[in-house]
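# Structural description and commentary
Here's the letter readout for the chains.
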Amino acid sequence: MPDSSSFYANAAGPRSMEHRTILSRPRPRLFMRTLTVPFRIACVLTFTATLLTACSGSAPVAMPAHQTTRCEVTSDGDKHAAPRFRLLGEVRWDVDTAYGGVPVGGLSSIDWDAGRGVFWLVSDDRAVNGPARFYSARMQYDERGLQHVWLSGMHTLLDPEQRPYANAQQPSKGVAVPDAEAMRAVPGSDRLLWASEGDFPRGFGPELNEIRSDGHWLRRWPLPESLTQIARNSGPRNGFTLEGMAFSPDARTLWLAMEGALKQDGAMPTPGDAGAPVRITALDAHSHQPLRQIACQPDALPASIALLPQRAVNGVSDILADGPDHLLVLERSFSLGEGWGAKLYRIDIRESATTDVLNLHRIPPDSSRTARKTLVLDFARLGLRSVDNLEGMTWGPPLTNGERVLLLVSDNNFNPAEVTQFIALAELPRCKTEQFTMAPGV
């Protein structure tokens, strides 16, 4: 095994992949990006070039000068406090990056496979720019930063007939066109799980597929009907279904997160209104049967965008276990006024802390306990050049000093105005108490 203080594999990265290391300090914004409608929704913007520039993502936000942060560090092993992170570095790939003659893009998930010593990346390409596929990847990072990210293999996702998936122009009868949004390695095995958001125009809801690491299809896991049944006034919303997936530390439970609320539960977030909660479901990893389901309340969209055209959204883009009692929840947002945004939260998943909504057709407003949510990180405050469409996260090999490393990846939507962004964060000592104080006279 390579030394985890500078983790990489003995393989050369593709020459077409430009890398850039950003140290943990704010960098000046070098350019302004023209933003387009997310989630692959075609839209012709009628704004002038000046207005588009004004609506591009803002520069990183610094803490106001009159605020200070105080942290009382916990004793070793105290995992009830939320984690804190510092920026290690960033690597960005432009939209023209290719591997094996196929464009690299749409990377919607990342997972560290300790058994094989590789990262898995799945693309949400619906067999348009190449085959439906996933990648194995390597990274090099240490206490000084994130130096390199490169691909070491490309693998085709196969359907139940062991054929490459067909695209929407020539679909296979009885087989959904894939829209891969999450992938995790099954601990202690050579298998992977990947989730598809579904093929709504042809009547297929979201799916959870188990495959071998070479792409060979094995089986489909059963899911609660409430998450898969397509109907006019109930069930999942097209494009807002299975988006996040996480194994518990003991690998006995698989958690699945919807991106948006089910129709019958209520509205999606709007400016100043958080809307209805998102359902996160626990499955028994052995029997594949649902165990329970919790409700997680996403943030409202900023009230400041209320007068702008409502091409805006906020939802859950990934989840990750942080010990046996908590999940990290990545909320990703987009609006014409604010551009891309992302916040990392930590929720309490203990049975004593939440209401089980698995058997509720509709979650009545204010009638159940949503998961208690703690803000861990606002990516706008990290000092990044910009925040892109962050969709996946995983724990990676720790640093030599024992700090855990959290890695994230963005989906560029195969859009020239966006990038594939890898972010590495190192965990800091946890705070028993953390508060903001105002300077005198403010």
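This text goes with the structure placed above it.
This report concerns the structure included in the present document. (Residues numbered from 1 in each chain as written. Predicted model: local features only at pLDDT ≥ 70, side-chain atom pairs only at ≥ 80, totals over all residues. Heavy atoms only, no water.)

It is worth spelling out the overall build of the chain at this point. Each helix and strand counted, the chain has 2 helices and 24 strands in total. Split by element, the accessible area of the chain, about 18800 Å² in all, is 52% carbon and sulfur. (Helix = DSSP H or I, 4+ residues; strand = E, 2+ residues; numbered from the N terminus. Areas by Shrake-Rupley, 256 points an atom, 1.4 Å probe, with all protein chains shown as cover.)

Looking now at the pairing of strand β12 (residues 217-220). Sheet topology note: the strand β11 (residues 207-212)/β12 ladder contains 3 bridges and is antiparallel. Looking at β12, one finds that Ile-211 is bridged to Trp-217. The turn joining β11 and β12, which pair antiparallel and follow one another in sequence, is formed by 4 residues; a positive phi near 100° is taken by Gly-215. (Pairing = 2+ DSSP bridges.)

It is worth spelling out the sheet that holds strand β23 (residues 420-428) at this point. Strand order in the open sheet made by the 4 strands is β2-β23-β22-β21, with antiparallel pairing throughout. The outermost strands of the open sheet, each flanked by one partner alone, are β2 (84-93) and β21 (390-396). Neighbour-to-neighbour, the strand axes of the sheet open up by a mean angle of 20°, direction not taken into account. (Axes fitted to C-alpha atoms, helices over the stretch in contact; angles between N-to-C directions.)

Turning next to the nonpolar core. By size, the foremost hydrophobic cluster in this structure holds 33 residues, and its most contacted members are Leu-208, Ile-280, Ile-319, Leu-327 and Ile-347. Those elements that place two or more of their residues in this core are β10 (191-196), β13 (242-247), β14 (253-258), β15 (278-284), β16 (290-296), β17 (313-321) and β18 (326-335). Setting aside chain neighbours within four positions, we find Leu-208 in contact with Leu-193, Trp-194, Ala-195, Arg-219, Arg-220, Trp-221, Leu-223, Met-245, Leu-254, Leu-256 and Leu-283. Of all hydrophobic cores here, the second largest spans 24 residues; its members include Leu-88, Leu-146, Val-149 and Leu-407. (Core = buried A, V, L, I, M, F, W, Y, C linked by side-chain atoms within 4.5 Å. Buried < 20%, exposed > 50% of the residue type's maximum accessible area, 1.4 Å probe, protein only. Contact = heavy atoms within 4.5 Å.)

Strand pairing in a sheet relies on backbone hydrogen bonds, with the paired strands running either antiparallel or parallel. Read from one edge of the open sheet, 4 strands run β5-β6-β7-β8, paired in antiparallel fashion. Of all strands in the sheet, those with a lone pairing partner are β5 (107-113) and β8 (145-156), marking the two edges. Recorded for the sheet is a direction-independent mean angle of 30° between the axes of neighbouring strands. For β5 and strand β6 (residues 118-123), the ladder comprises 6 bridges, and the chain directions are antiparallel. Within β6, the residue paired with Ile-110 across the bridge is Leu-121.

For the rest of this paragraph, the subject is the packing of aromatic side chains. With the rule as written, the count across this model stands at 7 aromatic pairs. Ring centres of Tyr-99 and Tyr-135 lie 6.4 Å apart, and the angle between their planes is 85°; on these two criteria the pair is classed as edge-to-face. With a gap of 36 residues between them, Tyr-99 in strand β3 (residues 98-99) and Tyr-135 in strand β7 (residues 133-142) connect regions that are remote in the sequence. Like Tyr-135, Tyr-99 is buried. Note on Trp-112 and Phe-119: the rings are 4.8 Å apart at their centroids and 50° apart in plane angle, and the pair reads as tilted. Accessibility classification places Trp-112 together with Phe-119 in one group, the buried group. The aromatic ring of Tyr-345 is capped on one face by Lys-373, whose charged end is 4.1 Å from the ring centroid. Its guanidinium or amino end placed over the ring of Trp-395, Arg-404 lies 3.8 Å from that ring's centre, counting from NZ or CZ. (Phe/Tyr/Trp six-rings, centres within 6.5 Å; stacked < 30°, edge-to-face > 60°. Lys NZ or Arg CZ within 6 Å of the ring centre and 35° of its normal.)

The subject of this paragraph is unusual backbone geometry. Of note, Gln-162 is a non-glycine position whose phi angle comes to about 60°, a positive value. One can find Gln-162 in the loop between β8 and β9 (180-185). A residue is classified by how much of its surface remains accessible, and Gln-162, at 30% relative accessible area, is partly exposed. Located in the positive-phi region is Ala-251, a residue other than glycine, with phi close to 65°. Checked against the element boundaries, Ala-251 lands in the loop between β13 and β14.

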